[in-house]
Amino acid sequence: MRVNRRVVTAGLAGLASLGLAPPVHARLKVASMYGLIGKMTALAGQRDALTAILLESLGTMPGCLSYIVAHDPADETAIWVTEVWTDEASHRASLQVPTVKEAIRRGMPLIATFDDAQITTPMGGVGLVAG
């Protein structure tokens, strides 16, 4: 079956005008973006405290384009962190920022385990603006 792009575009435009379709966004032209998606497990009863620490001082990370902390609805101890950076060097440098170092110091005792982080190459998306 062939898809007629004009029909699809017109249909999406009509749905968008009714507020029923997601917005369409262009890809960013930043080839060097660096992404990480990681999961950590908090000690029992400590997920909210750890989440609060992860969300403090987010404006102090130069080169950070997106930093999302999310609770796993299927696991009351799991936290997912999705990060997008201008490049890998910015991510590494962020680990030396005093407020980030302090957050790591305070958060580590609340973490039971870390899963392997997945490195990604972000291409763009809703809310993602190149710095």
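In this text, all values refer to a predicted model and were calculated from it rather than measured experimentally. (Residues numbered from 1 in each chain as written. Predicted model: local features only at pLDDT ≥ 70, side-chain atom pairs only at ≥ 80, totals over all residues. Heavy atoms only, no water.)

**Looking at the pattern of salt bridges**
Part 1 of the reasoning: Counted under the stated rule, the structure contains three salt bridges.
Part 2 of the reasoning: A salt bridge links E56 to R106; the shortest N-O distance between them is 2.7 Å. Highlighted residues: E56 in the loop between α2 (47-55) and β2 (64-71) and R106 in helix α4 (residues 98-107), separated in sequence by 50 residues.
Part 3 of the reasoning: E56 sits in the partly exposed class, given a relative accessible area of 35%.
Part 4 of the reasoning: For E88, the salt bridge is made with R92, and the minimal N-O distance between the two is 3.4 Å. Here R92 and E88 lie together in helix α3 (residues 88-94), a separation of four residues that amounts to about one turn.
Part 5 of the reasoning: Of the residues examined, E88 reaches a relative accessible area of 39% and is grouped as partly exposed. (Salt bridge = Lys/Arg side-chain N within 4 Å of Asp/Glu carboxyl O. Helix = DSSP H or I, 4+ residues; strand = E, 2+ residues; numbered from the N terminus. Buried < 20%, exposed > 50% of the residue type's maximum accessible area, 1.4 Å probe, protein only.)

**As for α2**
Part 1 of the reasoning: Looking only at α2, the buried set comprises R47, L50, T51, I53 and L54. Buried residues of α2, viewed axially, fall in a sector of 160 degrees; they line one side.
Part 2 of the reasoning: Buried positions along α2 lie against β1 (34-42), β2, β3 (78-85), α4 and β4 (111-114).
Part 3 of the reasoning: Remark: S57 follows α2 within two positions and exhibits a positive phi of approximately 55 degrees. (Arc of directions from axis to C-beta. Contact = heavy atoms within 4.5 Å.)

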